[in-house]
Every structure is written in C-alpha cells, then in structure tokens.
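Topology and contacts: notes
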Amino acid sequence: MRIFEKFTTRTHPLDDQDTFALFYENTHQNTYRYVMALNGGFERQAEDITADAYLRAWKNRRSFTGTSDAAFGWLLTIVRRIVIDKYRAASSRPSETGLIDNIKDDKPDAETVLLGKEVSEQVIKALQYLPENRRDMVVLRYVLGWRVNQIAEHLAMPENTVSVSLHRSLKQLQEALALQGVSNERTA
Amino acid sequence: MNELHEESINSILEHYSPKPGSRFYNRMADAPWSRKRKAVRFINYRQFVIGISSIFIVAIALSSSIPSVRAAVLKYLGLMVSSSETIPNPAIPAESLVDNQKVGEISKLAGWPVKVPTWLPEGYKFNDAMYDPSNRLVILSFFSTRSLPGNDPNMTMTEPITIVQALHNDIIPLMVAPGTSVVDIIIHKKPAAYVIGAWENDAVSGQATWNNTYPLQNIYWQIDDVYLTLNTKDVQVSKEDLIKLAESMK
C-alpha cells in the first residue's frame, strides 16, 4: 500500500464512542435547525426529535456504511422518519391546494409583524404549508445550504425535479407571506 | 404591496439558527457517547487510583522513618541508591528549539507527548503551539523573519513552517486527495510521503479542494501512534531540509 493510501484510509465514521461524539458535536446544531424548520419552530418537540434521532443513530450506527460526509445525510433520514412516525399523524397539515385559504385565516395583525425575528418565524410557519417533500428540499437547500445535486442524491430524485420544486416552493412561500402582510419593508 | 423577494426569503432561511436549550443538553449529557459521562467515569477511576496511591505513599513514608526497615524496603524494591546525599547532576540544556513549558501544557491537553523538532532550517524560531480540541490536533508553528531588499530595517517578511500532529488522520491537514502526486520518501527508516500542493477552502460552499499547483511543500509521516504533517511555502527551504526536520522530531 502506498503511503498516501494509508493516510487517506478512514475508519468507520461513527463506530466508536469518540468518533460518534465528534460527529454529534459537529452536527447537532444543524440537525436542530433542520428539525426546527421542518416542524414549524416548536422547540421542545424539535429537541426531542433531535435527541431521539442521535440515540437511534447510535443504536444503529453499525448499519451505516458510508463516509463521514454521508453520515449527516443518514442522520437526517432518521430525523425524517421520526417526524413521519411520531408527529405527522398528530398534525393536520392542509393540502397543497388549501394553502391560500388557510393562510388567509391565520393572517396576523400587520402591525405585529415588524421585527426580523418575527418575520423569520413567519417564514418558518409558512414553510409548514408546503408538502413534506418540498418543505424538506427548501430546508436542505436554504437552511442547511446543500447544493441541488446533494439534495437530489439524498432524496433519490432527478436534479431537475429538485430545481423546479425549489423554484415553485419559493414562489408559493412568497405568495403566502404576502398574504400574511410580510413584506420587504418590514424585513429592512 | 412590496412582497418579500426570493432572495430575502433565502437570506432569512439561511440565517435561521435556533439553538437547543439546556433541557436538550442535559438529556444529551447522559447519551452513551457523551464525553461528560466518560469524564465522570474517568474521575471516579482517578479518585480510586489516587486513594490507593495515597495509602501506599503513607505506608512507604512510615516504613522509611525506621532505618532498618528503610534499608530492607529499598533492597526489596531494587532501587538504586546514590553514594552520598549530594552528587553531580548534569545541567539540562538551557536552550531549546521550543517553549518546553507550553509544549508540556499542550501535551496534557492533547493526551499524548507532543513531538517536537531538534533541528530547524536556518533562521527559523519557535513561534507558537496550540491544541485544537474540536479536531483533536496539535499545531506547532515556526517563523523565519527576513529583511526585504532595500535599506529599511522595518520592511520584513515572515515565512512559517507548520507542523500538525494528531492521533487520527481522517482530517484535512493530515490527508491528501486521491489524485495527488505523491513522492515516497523514508523518515526514520519508515515510509513517508512528500507532496507539493494544498487544500483550498471555499467558505461559501464549505468544500475544500486539493490544488496540485499551489507551491506548498508537505511531508506526511508517522511516529508511533502519532500522525504528522509539516509544510511550508518558503522557497529557501528545500525538500532535504524538510526531511531533516522531520527526522529530527522526537
């Protein structure tokens, strides 16, 4: 074996306590952001989902066979599964076509939506009206900063589909936020 | 209505960074991989060892106060006894290429005896040693400051030599890309690698890409369980100098 091969050989990225601890330390904040954006900003629920995801990942770590870069994607898959298993049934999300009416009903007093934090919360809440797959794409792309090809690989979809869905989702979010009275002036 | 632009939505999402609360961290402190949990176990073990050691030391001290017992104990332990109470003690060399106190502190943080050079290319002096706990690696830097052409003594340039060491090699400073052109060399009769090139980081994408054309000389090698790399872009330092420096590391 050439020496550089020795230097590029990696051990299992999650196998032992130290490597998993490092993985947890490096990723848990982004995982939490991902969960918060997916579940509409409910903190306690997001903390539970994040914690459950890591505990489940620890339990099943030997079934993971990818690189350390792929480990985060694997963890997000676990997160999605937990969200679907535990919380989807409890929540009653409107269908895609019901978006505009629902947001109209929830329209807050325009005067209360002034600060950036509130706008950010409005955006996260508006995300919840997107269908699951598209919400996931938007969060991966804009909250976690993944590239389109990474998202396509992660969700096993063609890149083109992801691009088109992202574009549509942003338009939809834009319309929804406009109906809620969230504007550029208020974010300034 | 002045709608939120797509860019504004992107920016809001990009900057959305809630952080878990103490409830989450309290729960995670008991997780099977938690370092805190490990530390508590380690403290208990350490307290046990300290307790046993203290009892042993007290017993030795008591027995040493009786001359005949002391002689018997020393004989039993096979300890070397000096010829008198005062004997010559060769002085420890005052000069060192590194700040020994700092390297000692870094070794404690790192958990392994940090390797230091006993030879440096001409003009180089120890600059700093630091431990990066997130990547669990030690960085030693050595600077050479030279005057630039001209008569102004304030016009100088500084070239660094950087040595990185860790007990694992799955991090960027200690890795090369698969397509890197590697020259096999020998350090202390063991295989090592000499490489020209560098990782270039793209802060926007968060990706690092290996660049074969960047004029950085690197050596990668291993001493016992410690993986090391040293590098410099100083054109006055030759490949042979770097090998000699690597050979001098202890």
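What comes next concerns the included structure.

About the cut-offs
- Residues numbered from 1 in each chain as written.
- Chains lettered and ligands numbered in written order.
- Predicted model: local features only at pLDDT ≥ 70, side-chain atom pairs only at ≥ 80, totals over all residues.
- Heavy atoms only, no water.
- Helix = DSSP H or I, 4+ residues; strand = E, 2+ residues; numbered from the N terminus.
- Contact = heavy atoms within 4.5 Å.
- Areas by Shrake-Rupley, 256 points an atom, 1.4 Å probe, with all protein chains shown as cover.
- Axes fitted to C-alpha atoms, helices over the stretch in contact; angles between N-to-C directions.
- Parallel < 35°, antiparallel > 145°, perpendicular 65-115°, else oblique.
- Left-handed = near helix turned anticlockwise from the far one by under 90°.
- Nonpolar A, V, L, I, M, F, W, Y, C, P; charged D, E, K, R; others polar.
- Buried < 20%, exposed > 50% of the residue type's maximum accessible area, 1.4 Å probe, protein only.
- Buried area = accessible area lost by both parts, 1.4 Å probe.
- Salt bridge = Lys/Arg side-chain N within 4 Å of Asp/Glu carboxyl O.
- Pairing = 2+ DSSP bridges.

Before going further, it helps to spend a moment on the overall build of chain A. On a plain count of helices and strands, chain A comes out with ten helices and zero strands. Put simply, chain A runs from its N terminus to its C terminus through helices and strands in the order α-α-α-α-α-α-α-α-α-α. Taking the intrachain contacts of chain A between residues at least 6 apart in sequence as the baseline, contacts between residues at least 24 apart amount to 69%. Summing over all exposed atoms, chain A offers an accessible surface of approximately 9,300 Å²; the carbon and sulfur share of this is 48%.

Residues and elements named next belong to chain A. Packing of helix 8 (residues 148–155) against helix 9 (residues 159–179) brings their axes to within 8 Å, and their N-to-C directions diverge by 110 degrees. Considering the angle they form, helix 8 stands roughly perpendicular to helix 9. At the point where helix 8 passes helix 9, the crossing takes the right-handed sense. Contact residues: Val-148, Asn-149, Ile-151 and Ala-152 in helix 8; Glu-159, Val-162, Ser-163 and Leu-166 in helix 9. Looking at the contact of helix 8 with helix 9, its residues break down into five nonpolar, two polar and one charged.

Once that is clear, we can look at the environment of Glu122(B). Residues and elements named next belong to chain B. Following the sequence through the fold, Glu-122 ends up in the loop between helix 5 (100–110) and strand 1 (125–132). Glu-122 gets classed as exposed once you look at its relative accessible area, which sits at 78%. For Glu-122 and Gln-236, which are 114 residues apart along the polypeptide, the C-alpha to C-alpha distance reads 9.5 Å.

Looking now at the interface of chain B and chain A. Taken together, the contacts link 49 residues of chain B with 53 residues of chain A. Here chain B and chain A share an interface that buries about 5,000 Å² over both sides, 58% of which is from carbon and sulfur atoms. Taken together, chain B and chain A are joined by four salt bridges. One salt bridge in this structure joins Arg23(B) and Glu47(A), with 2.9 Å as the shortest N-O distance.

Let us now look at the pairing of strand 1 of chain B. The side chains of a regular strand alternate between both faces of the sheet. All names here are of chain B. When strand 1 meets strand 2 (residues 137–147), the two strands line up antiparallel, connected through seven bridges. Note that in strand 2 the partner of Phe-126 across the bridge is Phe-142. Hairpin connection of strand 1 to strand 2: four residues between the antiparallel strands, including Arg-136 at a positive phi of 50 degrees.

Residue and element names in this part refer to chain B. With antiparallel pairing, seven strands are arranged side by side in an open sheet as 1-2-3-9-8-5-4. Across the chains shown, the open sheet's two edge strands, defined by having one partner strand only, are strand 1 and strand 4 (182–187). Averaged over all pairs of adjacent strands, the angle between their axes in this sheet comes to 20 degrees, without regard to strand direction. Examined bridge by bridge, strand 4 and strand 5 (residues 190–196) share six bridges and lie antiparallel to one another. For Asp-184, the partnering residue across the bridge sits in strand 5 and is Ala-193. Across the face of the sheet, helix 5 comes into contact with strand 1 and strand 2 while running at roughly 20 degrees to strand 1. Strands in contact with helix 6 (residues 239–248) are strand 3 (156–166), strand 4, strand 5, strand 8 (217–223) and strand 9 (226–232); relative to strand 4, the strand with the most contacts, it is inclined by about 45 degrees.

A separate point is the pattern of salt bridges. Tallied over the entire structure, the rule returns nine salt bridges over all chains. Here Arg23(B) ties to Asp48(A) by a salt bridge, and the two come within 2.9 Å at their closest N and O atoms. Of this pair, Arg23(B) sits in helix 2 (residues 22–29) while Asp48(A) sits in helix 3 (residues 43–59), each in a different chain. Across the pair Arg146(B) and Asp234(B) runs a salt bridge whose closest N-O atoms are separated by 2.3 Å. Remark: Asp234(B) occurs in the loop between strand 9 and helix 6 and Arg146(B) occurs in strand 2; sequence separation between them is 88 residues.

All names here are of chain A. With their axes 10 Å apart at the nearest point, helix 7 (residues 132–143) and helix 8 run at an angle of 140 degrees to one another. In terms of orientation, helix 7 and helix 8 fall into the oblique class. Note on packing geometry: the crossing formed by helix 7 with helix 8 is right-handed. Only Val-148, Ile-151, His-154 and Leu-155 of helix 8 make contact with helix 7, whose side of the interface consists of Asp-136, Met-137, Leu-140 and Arg-141.

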